[in-house]
Amino acid sequence: MIEDEYYEEDEAPRQPPLYLLTGLVIGLLLGLLISLVIAPVQVVDTSPFLLGEEEKDAYRLLIARAFQADQNLERARARLGLLRDNAAPQTLADQALRMQSNGGSEADIRALAELAAALSSPQSAASTQPAGLPTAPPGGEGENAGTPQTFPTLDLNQAVQTATPPPTPTSPPPTPRPTFTPRLLPTPLPTLGAPFDLVEQNAICETAQTPPRLMIEVQDSSGNPVPGIAITVAWDGGIETFYTGLMPSLGAGYADFDMQAGVVYSLRVGELSETINDLQAPACGEGEAAFTGSLRLLFRQR
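Keep in mind that this is a model prediction, so the values were computed, not measured. (Residues numbered from 1 in each chain as written. Predicted model: local features only at pLDDT ≥ 70, side-chain atom pairs only at ≥ 80, totals over all residues. Heavy atoms only, no water.)

Would you mind showing me how to read the state of the cysteines here?
Linking two cysteines covalently through their sulfur atoms gives a disulfide. Per the stated rule, a full pass over the model turns up one disulfide. Through a disulfide, Cys205 is tied to Cys284; the S-S separation comes to 1.8 Å. Judged by the sign of its S-S torsion, about -60 degrees, the bond between Cys205 and Cys284 is left-handed. Here the residue Cys205 occupies a position in the loop between strand S1 (196-204) and strand S2 (213-219), and Cys284 occupies one in strand S8 (residues 283-284), the gap between them amounting to 79 residues. Using a relative accessible area of 3% as the deciding quantity, one classes Cys284 as buried. (Disulfide = S-S within 2.5 Å. Helix = DSSP H or I, 4+ residues; strand = E, 2+ residues; numbered from the N terminus. Buried < 20%, exposed > 50% of the residue type's maximum accessible area, 1.4 Å probe, protein only.)

What follows is the structure, given as structure tokens:
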């Protein structure tokens, strides 16, 4: 009887250590509570290139607004360099196009366009190019080029004794004049309140473009391209507004619009300019070689 009870006690199943599992669950819950609620991780002073796309857009917009206020191109270039973007002008133009398609602020679109145009201007590129290294002086000519020149030694019997002249008082060296580094001229901005006049209109029939384009160039009174100018195009059943300077590779004052053959358009540059009516894509060629060309307009400020 005793042996049977002994065997029954040995064969009874052992209970699992539930206290270990309970402690593990409680520890995980406490860790999550501390890391997410009590003392969450906070990222501060992060680099701009680590930001998300929306934060980068906001960062570029702030830089464009600052440049519009102080016209300091070097400071804007240094700030954009923190994003590590090798195509900053095109990125600014793309952001302005996105804002335009989403109905963004006209002032913000113009600020982005002006900064993109300023960064793409030839004057801006020349200011950032390092100066060339000085060239070595040219050597002598003939067979003895580069050979040190020797001079004959004067015979002591031929030497003439001369009195040493008394020292003359020397005047203090002149005070050097300060030199000034020329500042980079800011991107020309249009005079507020001055309208733009149509000074040139040409039909482009060199190559067929699909669809034909309405190509517009806007200049100030001195003939310099002006970015950030609103252009409104209206036709039967539609209206669209776009801005100059959003295609830096084609010029700071350039903008274009896709036309349709047979549609009549009206166009206005800026807010106070006169509306240009009856604009159509020109017909080019004859017979089977006929095609619809493009139209180029040049506006200049009064």
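Continuing now.
What should I look at first to understand the sheet that holds strand S3 (residues 230-235) in this one?
Strand pairing in a sheet is mediated by backbone hydrogen bonds. Such pairs are either parallel or antiparallel. Spatially, the four strands line up as an open sheet ordered S4-S3-S6-S7, and their pairing is antiparallel. Among the strands making up the open sheet, the edge pair consists of strand S4 (238-243) and strand S7 (276-279). On average, adjacent strands in this sheet sit at an angle of 20 degrees to one another, irrespective of strand direction. Pairing geometry for strand S6 (residues 265-269) and S7, over two bridges, is antiparallel. From the neighbouring strand, Leu267 faces S7, where its bridge partner is Ile276. (Pairing = 2+ DSSP bridges. Axes fitted to C-alpha atoms, helices over the stretch in contact; angles between N-to-C directions.)

Where do I start with the sheet that holds S1 in this structure?
Overall, mixed pairing links the four strands, which are arranged S1-S10-S2-S5 in an open sheet. Pairing within the sheet leaves two strands with one partner each, and these edge strands are S1 and strand S5 (254-258). For this sheet, the mean angle separating the axes of adjacent strands, direction not counted, is 20 degrees. As defined by bridge partners, S2 adjoins strand S10 (residues 294-301) across six bridges and the pair is classed as parallel. Bridge pairing in S10 links Ile216 to Leu297.

So what exactly am I meant to see when it comes to the nonpolar core here?
Soluble globular proteins tend to pack their nonpolar side chains together in the buried interior. Ranked by internal contacts, the top residues of the largest apolar core, which has 24 residues, are Leu80, Leu92, Leu112, Leu115 and Leu119. Contributions of two or more residues to this core are made by helix H3 (53-70), helix H4 (73-81), helix H5 (88-101) and helix H6 (106-120). Element by element, the count of residues in this core is highest for H6, at eight residues. Of the domains in this structure, domain 1 (53-120) and domain 2 (196-301) are the two that each give at least three residues to this core. Not counting the four nearest positions on each side in its chain, Leu92 is found in contact with Arg60, Leu80, Leu112, Leu115, Ala116 and Leu119. With 22 residues, the next largest nonpolar core counts Val218, Ile229, Leu267 and Phe299 among its residues. (Core = buried A, V, L, I, M, F, W, Y, C linked by side-chain atoms within 4.5 Å. Domains from an automatic or database assignment. Contact = heavy atoms within 4.5 Å.)

Whenever I open this one, the environment of Ser249 confuses me. Can you help?
Assignment of secondary structure puts Ser249 in the loop between S4 and S5. Through-space distance from the C-alpha of Ser249 to that of Ala117 is 9.0 Å; in sequence the pair is 132 residues apart.

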